[in-house]
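Next come the chains, spelled out residue by residue.
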Amino acid sequence: MSVRLYYQDSFLREFEAQVMACEASGERYHVVLDRTAFYPTSGGQPNDTGRMGEAAVVDVVEREDGVIVHVTDRAVALGSVRGALDWARRFDHMQQHTGQHLLSAAFVELFKFPTVSF
């Protein structure tokens, strides 16, 4: 299972990792790393995108077994790779996610309206 670097440093923009697996899936590739700063879609926050070496990371998902899969536009060789987040996208999502929590808390406190969807 990948070490989730975003739990240690949510402002991490680039990182080094080892490619543990890379399997073709249609026109895309599913890449598993030993560690990652790419956040998967979860908890109402969209996934990160960016680059993994020369490959574009177009989606990030967490499988039922807890493994994080990076969906890329091309194969990534086993071994060392440098990951780089699309920082503008990540930061925008971080701000919107925090803002949603603040707004939801205000609605609960002032009007007793719980968040049921966002």
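Use the structure listed above.
Residues numbered from 1 in each chain as written. Predicted model: local features only at pLDDT ≥ 70, side-chain atom pairs only at ≥ 80, totals over all residues. Heavy atoms only, no water.

Student: I'd love a proper account of a nonpolar patch on the surface, names of residues and values included.
Tutor: Among the surface-exposed residues, Leu 103, Phe 107, Leu 110, Phe 111 and Phe 113 lie close enough to one another that they form a single nonpolar patch of about 530 Å² accessible area. Among the secondary structure elements, Leu 110 is positioned in helix H2 (residues 87-111). Classification of Leu 110 by relative accessible area gives exposed; the value is 61%. (Patch = residues over 30% accessible without salt bridge, like charges linked within 9 Å, V, L, I, M, F, W, Y side chains within 5 Å. Areas by Shrake-Rupley, 256 points an atom, 1.4 Å probe, with all protein chains shown as cover. Salt bridge = Lys/Arg side-chain N within 4 Å of Asp/Glu carboxyl O. Helix = DSSP H or I, 4+ residues; strand = E, 2+ residues; numbered from the N terminus. Buried < 20%, exposed > 50% of the residue type's maximum accessible area, 1.4 Å probe, protein only.)

Student: Just give me the short version of the nonpolar core, but keep the residues and values in it.
Tutor: Here is a general trend for soluble globular proteins: nonpolar side chains tend to be buried in one another's company. Counting 18 residues, the largest nonpolar core has Phe 15, Leu 33, Met 52 and Val 76 as the members making the most contacts within it. The set of elements that each furnish at least two residues to this core consists of helix H1 (5-8), strand E2 (14-25), strand E3 (28-33), strand E6 (55-62) and strand E8 (79-85). (Core = buried A, V, L, I, M, F, W, Y, C linked by side-chain atoms within 4.5 Å.)

Student: Break down H2 for me, with residues and values.
Tutor: Taking 1.5 Å as the rise per residue, H2 with 25 residues should run 36 Å; its terminal C-alpha atoms sit 35 Å apart, in good agreement. When we look at burial in H2, the residues that qualify are Trp 87, Arg 90, His 93, Met 94, His 97, Gln 100 and Ser 104. Elements in contact with the buried residues of H2: H1 and E8. Once H2 ends, the next one or two residues include Lys 112, with phi positive near 60 degrees. (Expected span 1.5 Å × (residues − 1). Contact = heavy atoms within 4.5 Å.)

Student: Quick one: what's the story with the sheet that holds E3, residue by residue and with numbers?
Tutor: Taken together, the six strands give a closed barrel; going around it, the order is E2-E3-E7-E6-E5-E8, and neighbouring strands pair in antiparallel fashion. Sheet twist, expressed as the average angle between the axes of neighbouring strands with direction ignored, equals 45 degrees. By the bridge criterion, three bridges tie E3 to strand E7 (residues 68-72) in an arrangement that is antiparallel. When the sheet's bridge partners are listed, Val 31 is paired in E7 with His 70. (Pairing = 2+ DSSP bridges. Axes fitted to C-alpha atoms, helices over the stretch in contact; angles between N-to-C directions.)

Student: Please provide a residue-by-residue account of the pattern of salt bridges, values included.
Tutor: Pairing of side chains with opposite charge becomes possible as their charged atoms draw close. Taken as a whole and judged by the stated rule, the model has six salt bridges. The shortest N-O distance in the salt bridge between Arg 82 and Glu 16 comes to 2.5 Å. Separated by 66 residues along the polypeptide, Arg 82 in strand E8 and Glu 16 in strand E2 bring together distant segments of the chain. Ionic pairing is found between Arg 63 and Asp 65, a salt bridge with its closest N-O pair at 2.9 Å. Three or more residues joined by partner-sharing salt bridges are found here, namely Glu 14, Glu 16 and Arg 82.

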